[in-house]
Amino acid sequence: MRTTIRKCLALALAATVYGQTCQVTTVATTPPATGTGVELSSYSYCGGSLNVSVYIENVNYNKVVSLYYTNAQNQSTPLSVVSLGYQNSIANTNYETWGANTP
């Protein structure tokens, strides 16, 4: 019986931790002016996962989009790189939305 209760409590705690509400920070709601190239749209860091959305100007069909970020000490390491994936084109603009969800 105690083992069952402990397992239930562990599951409830896990559900609370993983079910937490995350705050998304919106930086830009529309793509930037032509010629800007790239602009951060939104991001959040919740439950150990970084979620990011970026406006990328479509100036070349073949592209690799990577996000380099720093830690609290403003240091970037090889582990501080996230590859972004294509999400969609934005109508009536030369921009696309690229993003990632990564631990």
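Below, the structure is looked at part by part. It should be emphasised that the depicted structure is a prediction, and the values quoted were computed from it without experimental measurement.

## Focus: the pairing of strand 7 (residues 95–102)
In terms of burial, strand 7 is a largely internal element, six of the eight residues being buried. Examined bridge by bridge, strand 3 (residues 49–57) and strand 7 share eight bridges and lie antiparallel to one another. By the bridge assignment for strand 7, Leu50 is matched with Thr102.

## A few points about the side chain of Ser44
Along the chain, Ser44 turns up in strand 2 (residues 38–46). Residues within four places of Ser44 in sequence aside, it is in contact with Gln23, Val24, Ser49, Leu50 and Asn51.

## So, unusual backbone geometry
In the Ramachandran plot, Asn74 falls in the positive-phi region, its phi being about 60° despite a non-glycine side chain. In this fold, Asn74 is placed in the loop between strand 4 (66–68) and strand 5 (81–83). Backbone geometry places Asn92, a non-glycine residue, at a positive phi of 60°.

## Observations concerning the state of the cysteines
According to the stated counting rule, one finds one disulfide in the structure shown. Paired by a disulfide, Cys22 and Cys46 hold their sulfur atoms 1.7 Å apart. On the sign convention where negative means left-handed, the S-S torsion of about -70° between Cys22 and Cys46 marks this disulfide as left-handed. Placement of the pair is Cys22 in the loop between helix 1 (2–18) and strand 1 (25–26) and Cys46 in strand 2, with a sequence separation of 24 residues. By relative accessible area, Cys22 is classed as partly exposed at 35%.

Rules used throughout
Residues numbered from 1 in each chain as written. Predicted model: local features only at pLDDT ≥ 70, side-chain atom pairs only at ≥ 80, totals over all residues. Heavy atoms only, no water. Buried < 20%, exposed > 50% of the residue type's maximum accessible area, 1.4 Å probe, protein only. Helix = DSSP H or I, 4+ residues; strand = E, 2+ residues; numbered from the N terminus. Pairing = 2+ DSSP bridges. Contact = heavy atoms within 4.5 Å. Disulfide = S-S within 2.5 Å.

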